[in-house]
Amino acid sequence: MSATESSLAIQLRRLKPVQLRLLAELSHVGALGVAAARIGVAQPAASRLLADMEELLGLPLHERQGRGLRLTEVGLSLARRAARIEIELADAARELTEAATGRAGVVRVGAVTGPALSLVMPVLIALQRDLPEFRAEVTVATSVNLCDQLRDGRLDFALARLSPGETQLEARVLAVEPLSLVVRRGHPLLVRPILSLDDLMSYDWVMGDDETLLTQTVVSRLAELGLPLPQRRISTSSFLFTLALLNQTDAIAPLATPVVDSFAGNPSVPFVSLPIDLGLSVAPFSLVTRAGAQMTPPAQRLIDAILEV
């Protein structure tokens, strides 16, 4: 460590927790008054805290921008560290409370739809059978949403897909996610002895907008097969809304095969997959955690159980 780094490290240790909290909030809201209110101090006091930080470190952390302010690159770097410290402290408080009370804490796990049903659900059922006090909160959402919640400390880990260039999160690739084409029972295509690719194009397809990974995957694969874009008179990323449309129309929906497998074996469920394989699969999903994060024992137990599967 150079002399400059050593000196800066000493000064950083002198920062107050309230100063770090202020900086973390400023990186989110960009307004001193709002950030001050969030940490429970008056705006003049917040302004003094910020000035004291800059004087102590000898570095500019912010600059004025209209009626608000913008953190400098130095300020943003420190704000990211401050936010991470806040999250680690919150996790430490949870773990200490669990140790002091002898009770397992709540694990907050997120997952995209396929892994939620094929991995998270069966593993949680098994854990609750063996450990009656094991508790979990499960969030099913898009990868972008899950990664945002993970960065903010609202999730312990997620089964999702990481965007290129991500620095605050790290990922361990687990598996690809194949897709099946799903329709309602009694769909006209199910009575045909042989399905052709052209048959599929005669019906509406239910997918998300053009920015979603599933839609991009399907469109790309259909282009490879020399097929036109399917009709999409209704677009939605809602799983429940998709099932409702399938139930009441002759639409086709590409869904994660593990999702389909979870209900296809039950004859009372009004949905089945079409007997045709287009070779559809989305990019691999990963076990995503905050970079360098230390998992609580219950969270690590759930991760280990998922990895075993």
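Residues numbered from 1 in each chain as written. Predicted model: local features only at pLDDT ≥ 70, side-chain atom pairs only at ≥ 80, totals over all residues. Heavy atoms only, no water.

**A look at the overall build of the protein chain**
Thought 1: Looking only at helices and strands, one finds twelve helices and nine strands in the protein chain.
Thought 2: What you see for the protein chain is a C-alpha radius of gyration of 25 Å, clearly larger than the 19 Å of a compact globule of 309 residues, by over 25%.
Thought 3: With respect to the three principal axes, the spread of C-alpha positions in the protein chain is 80 × 50 × 40 Å.
Thought 4: Buried residues in the protein chain amount to 39% of all 309 residues.
Thought 5: For the protein chain, the accessible area works out to roughly 16500 Å², and carbon and sulfur atoms hold 54% of it. (Helix = DSSP H or I, 4+ residues; strand = E, 2+ residues; numbered from the N terminus. Rg over C-alpha atoms; globule rule 2.2 N^0.38 Å. Buried < 20%, exposed > 50% of the residue type's maximum accessible area, 1.4 Å probe, protein only. Areas by Shrake-Rupley, 256 points an atom, 1.4 Å probe, with all protein chains shown as cover.)

**Focus on the nonpolar core**
Thought 1: By size, the foremost hydrophobic cluster in this structure holds 21 residues, and its most contacted members are Leu22, Leu23, Leu26 and Leu50.
Thought 2: Elements that contribute at least two residues to this core include exactly helix H2 (17–29), helix H3 (32–39), helix H4 (43–57), strand E2 (68–71) and helix H5 (73–101).
Thought 3: Look past the residues within four positions of leucine 23 in its chain and what remains in contact with it is Leu50, Met53, Leu71, Gly75, Leu78 and Ala79.
Thought 4: Grouped together as the second largest cluster of nonpolar side chains are 20 residues, Val123, Leu159, Phe285 and Ala299 included. (Core = buried A, V, L, I, M, F, W, Y, C linked by side-chain atoms within 4.5 Å. Contact = heavy atoms within 4.5 Å.)

**Describing the packing of helix H6 (residues 113–130) against helix H12 (residues 297–308)**
Thought 1: Where H6 meets H12, the axes come as close as 10 Å, and the angle between the chain directions of the two elements is 120°. Our pair here, H6 against H12, has a crossing hand that is right-handed. From H6, Leu119, Val120, Val123, Leu124 and Leu127 reach across to H12, where they touch Arg301, Leu302, Ala305 and Ile306. (Axes fitted to C-alpha atoms, helices over the stretch in contact; angles between N-to-C directions. Left-handed = near helix turned anticlockwise from the far one by under 90°.)

**Here's the deal with the layout of surface pockets**
Thought 1: Reported here for the largest pocket is a volume of approximately 850 Å³.
Thought 2: The wall of the largest pocket is formed by 32 residues, among which Val112, Thr142, Thr212, Leu213 and Leu214 lie closest to the centre.
Thought 3: Contributing elements (two or more residues each) for the lining of the largest pocket: H6, helix H7 (143–151), strand E6 (169–184), helix H9 (213–224), helix H10 (239–248) and strand E7 (253–256).
Thought 4: For the lining of the largest pocket, the per-class residue count stands at 17 nonpolar, twelve polar and three charged.
Thought 5: Its volume calculated, the second largest pocket comes out at about 630 Å³. (1 Å grid on protein atoms, 1.4 Å probe; cavity = no way out; pocket = protein on both sides within 12 Å on 5 of 7 lines; lining within 4 Å. Points joined across faces, edges and corners; volume = space filled by probe spheres on them. Nonpolar A, V, L, I, M, F, W, Y, C, P; charged D, E, K, R; others polar.)

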